[in-house]
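# Summary of structural features
In case you want the letters, here they are:
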Amino acid sequence: MASPRSRTTTPIRAIPSNLANRASPSVAPASQTYEPLIKSILRQRLTNRIFTISVVCCWLQTTFWTIWGIGGRDAVGLKTLLAVPFRPSTLVVTAMTWLAVVVPVIVIRKTQLTASRTIASSPAKIWHSAKSKKSTKYALMTYSASAIAGTILHVLLAYINEPKAHGDPRLSLFVKSRRYPYYLNGRLLFLLLSQLTLASGSLLRNAMLDRFAFKWSIASNQYRLNIFELMRVFVVVIVFSSASLVCASLSFATIRIIFPMLYRFPLLPIILRPFTGHFVRGSLTLLLPFSHIGLLFRAWFISFTTMFVWEISELLFDVLIPQPIKVSHLISDSSVVLISGLSSRDRIMKFFALSELKDIASDESPAAAACRSNLFADQKYSPNQWSQLCRDCLLLLGNDYQLFLRKGAPAPPPPAASPLPKPEPPLPATPTPLLRRDIFRKEKSSPIRAVLNSFASDGPLAQAVDEGTESIHVPRLIQTVEDAVLPHLEKSKGEVVKSVSGATGIMPKITGGLNAVAEGIVDRHAPIFVRRTMKHWREWWTEDRLSKTIEGCIPFRELDVLAVEVLSHLVCASLLEDRYGVVQRDVPKIIEAMLSFLSAIEEYQMELNTLYKAPSPDANLSPKELQEIETNRIEVEKVHDALGLVGSVLKEGVARIARVFSDKLLAFKFPPRTATKLQGFLDYC
């Protein structure tokens, strides 16, 4: 027996050691570090600034409508006038207007925001591309519901304030008639039609401006809300309100002219007459607007106020959301979080990360220098911070460079894998059994068990089916039936597919036929100036723009500009701040990537220069030819602006590195083409 001293109650454990080989952690993904910070700041901008300013706009316009409804400034005293903005009815209608008219527009803009621009070379193609997007359908429903809600709220406010000063506004759902109590009110229907026309016009404007795409801009004036922008909003709202009123009047007249045709169909008059019988008779439709001037003014002001709050909300979204966001002062290890943002799949997040990295890379303050030194000397993460930053920036430039070489075309599909060679058939051989006879004695099975085994999954019947129908003898009668039925089935299947494809193309054919008929009527009966105007607008609508085509080759040019500036500034700063020389090993491929992109842009610019030739003073050209030459010149200038945005930054970046490193670049090895291009920068610097 062991002694009590030899016993122990403490479990035996190994002595811990710090000599274990631990793998270095990698930089956390952007979804865990960078994106939550950016989204929280964007949420604050949305709630604290966009929502607040839009609420103030709704409050002001509700106040103006209320003052007009109670008789205006002359009909009430100063005390009542000052109390109108704080009435409970004014505040309630303001809140309901903001929730029903403004918030849906901002929400649809936020939820459908995308980083990709619409790549189209003409307004017709832009609209065709917009129609195929789900965001356009959602926007149409949102704008229509918002416009209808704004009309209903205006009617509610009118019945609260106007009866004493202006009398009955006559905007009820049904007209006041003892004989026909369910006749729909044409005045209210006209207001709704005017608002729906305004919603369609706003949707068309948003599609042409590509408002659901993120507003990429690296210019400082993009982030300013000045008086000129507000004046532009007023002009746009006035033009669209007037155009929607004209279109609504023409649409209402057309509907009333065509509406009596519905009474010729069976059973429809029984359903329609109790509600719309008064629309069949009455005065001439084209003269109706002149007898309802007050209604036209009301419809115009409703459209103006609705469009105004929409445009203000859209302007605030365009100005405030793309503003640069700085998160380095919110966290301790800012460089790690910013580099994590570069790896995000969302290009908008990359834009914010590159914008802040550009400021850190180009800033000469001691804090920025310390941040760069820590970035270069990082040995904590694998890969280290500089390697990941350089890789993400070069990958961004490389993808856009390849897209530019393809002239905006999508990447070709990967080549199909070559088929594997067929294995050689094995040599015929008869296996020799190890045992010449069975070692188990066979038992006699009953007839019932034999029948059940034949239907089993591994029975004789299943084996016969597995061998294929070729080994089974099919009677001639069945074969003739098969030969007679299957071709008819294949033929009927083809006819069904053909009919479905024909049905899907009915609407384009109908639309094209109606457009052709309208164009024929205009060409035969319209005056000359109308025909010229229509032809000019058709050409403007369908003509391809060279500038739009080139912009589609470099859709994310703002990101390329930021990536080049970040890399060039960091490379220049590494000459003094990189203690371990981790940046120098990547200098050749950085310069090669920049010069390759720059060479491709310059070659394309030389090709485009041949598209425009200034007319000689002695040439006798017609005004139309001069206009075409001027249009071509403008398009070529726009192309050079788009290409020059990236090309000039690439030149500045390479020149910046050449000035700082100078003759030290001779220590690196470059390909011959890159070395020849770089020598020009060295000679110039």
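Residues numbered from 1 in each chain as written. Predicted model: local features only at pLDDT ≥ 70, side-chain atom pairs only at ≥ 80, totals over all residues. Heavy atoms only, no water.

Below, the discussion takes up the side chain of Arg 656. Position of Arg 656 relative to the elements: it lies in helix H22 (residues 623–661). No salt bridge forms around the buried Arg 656; measuring N to O, its nearest opposite-charge neighbour Glu 652 is 4.4 Å away. (Helix = DSSP H or I, 4+ residues; strand = E, 2+ residues; numbered from the N terminus. Buried < 20%, exposed > 50% of the residue type's maximum accessible area, 1.4 Å probe, protein only. Lys, Arg positive; Asp, Glu negative; His and termini not counted. Salt bridge = Lys/Arg side-chain N within 4 Å of Asp/Glu carboxyl O.)

By size, the foremost hydrophobic cluster in this structure holds 126 residues, and its most contacted members are Tyr 34, Trp 310, Trp 386 and Leu 389. Examining the composition of this core, we find that 16 residues originate from one element, helix H9 (residues 293–320), more than from any other. Apart from residues no more than four positions distant in its own chain, Leu 389 is found in contact with Ile 339, Leu 342, Leu 357, Leu 375, Val 566, Leu 567 and Leu 570. Ranked by size, the runner-up nonpolar core spans five residues in total, among them Ile 67, Val 76, Leu 81 and Val 84. (Core = buried A, V, L, I, M, F, W, Y, C linked by side-chain atoms within 4.5 Å. Contact = heavy atoms within 4.5 Å.)

For the rest of this paragraph, the subject is the packing of aromatic side chains. A full pass over the atoms with the stated rule returns 24 aromatic pairs. Arranged with centres 5.6 Å apart and planes meeting at 70°, the rings of Phe 404 and Tyr 604 form a pair that is edge-to-face. Of the two residues, Phe 404 is situated in helix H13 (residues 385–405) and Tyr 604 in helix H21 (residues 587–609); the sequence distance between them amounts to 200 residues. Side by side, Phe 404 and Tyr 604 carry an identical accessibility label, which is buried. Members of the aromatic cluster, connected to one another through ring pairs, are Phe 214, Trp 216, Phe 351, Phe 352 and Phe 556. Above the ring of Phe 556, the side-chain terminus of Arg 347 is found at 4.0 Å from the ring centroid. The ring of Tyr 604 carries the charged tip of Lys 407 above its face, separated from the ring centre by 4.8 Å. (Phe/Tyr/Trp six-rings, centres within 6.5 Å; stacked < 30°, edge-to-face > 60°. Lys NZ or Arg CZ within 6 Å of the ring centre and 35° of its normal.)

Of the consecutive residues Ser 382 and Pro 383, the connecting peptide bond is found in the cis state with omega at -5°. Its location among the elements puts Pro 383 in the loop between helix H12 (366–376) and H13. At Arg 170, a residue that is not glycine, the phi angle is positive and equals roughly 55°. Its location among the elements puts Arg 170 in the loop between helix H5 (134–165) and helix H6 (186–209).

This next bit is on the side chain of Ser 249. Here Ser 249 shows up in helix H7 (residues 227–258). Residue contacts for Ser 249: discarding those within four places in its chain leaves Phe 190 and Leu 296.

Here the focus is the packing of helix H3 (residues 88–111) against H5. Look at H3 against H5: their axes get within 8 Å of each other, and the N-to-C directions meet at 170°. Comparing the axis directions of H3 and H5 gives the class roughly antiparallel. On H5, the residues touching Ser 89, Val 93, Met 96, Thr 97, Ala 100, Val 101, Pro 104, Val 105 and Ile 108 of H3 are Tyr 138, Ala 139, Thr 142, Tyr 143, Ser 146, Ala 149, Gly 150, Leu 153, Leu 157 and Ile 160. Residues belonging to the contact of H3 with H5 are distributed by class as follows: 14 nonpolar, five polar and no charged. (Axes fitted to C-alpha atoms, helices over the stretch in contact; angles between N-to-C directions. Parallel < 35°, antiparallel > 145°, perpendicular 65-115°, else oblique. Nonpolar A, V, L, I, M, F, W, Y, C, P; charged D, E, K, R; others polar.)

With numbering aligned to this structure, UniProt lists the feature "transmembrane region" (unreviewed entry) at residues 50–70, 90–108, 138–160, 180–204 and 233–259. Taken end to end, residues 180–204 comprises 76% helix and 0% strand; its first and last C-alpha atoms sit 39 Å apart. (UniProt positions renumbered as here; feature names shortened; annotations may be inferred.)

Let's shift gears to the pattern of salt bridges. Pairs can form between side chains of opposite charge once their charged atoms are near each other. This model, assessed by the stated rule, comprises 18 salt bridges. A salt bridge links Glu 558 to Arg 117, with the shortest nitrogen-to-oxygen separation between them at 2.9 Å. Placement of Glu 558 in helix H20 (residues 557–577) and of Arg 117 in the loop between H3 and helix H4 (123–131) is noted, with a sequence separation of 441 residues between them. Of the residues examined, Glu 558 reaches a relative accessible area of 7% and is grouped as buried.

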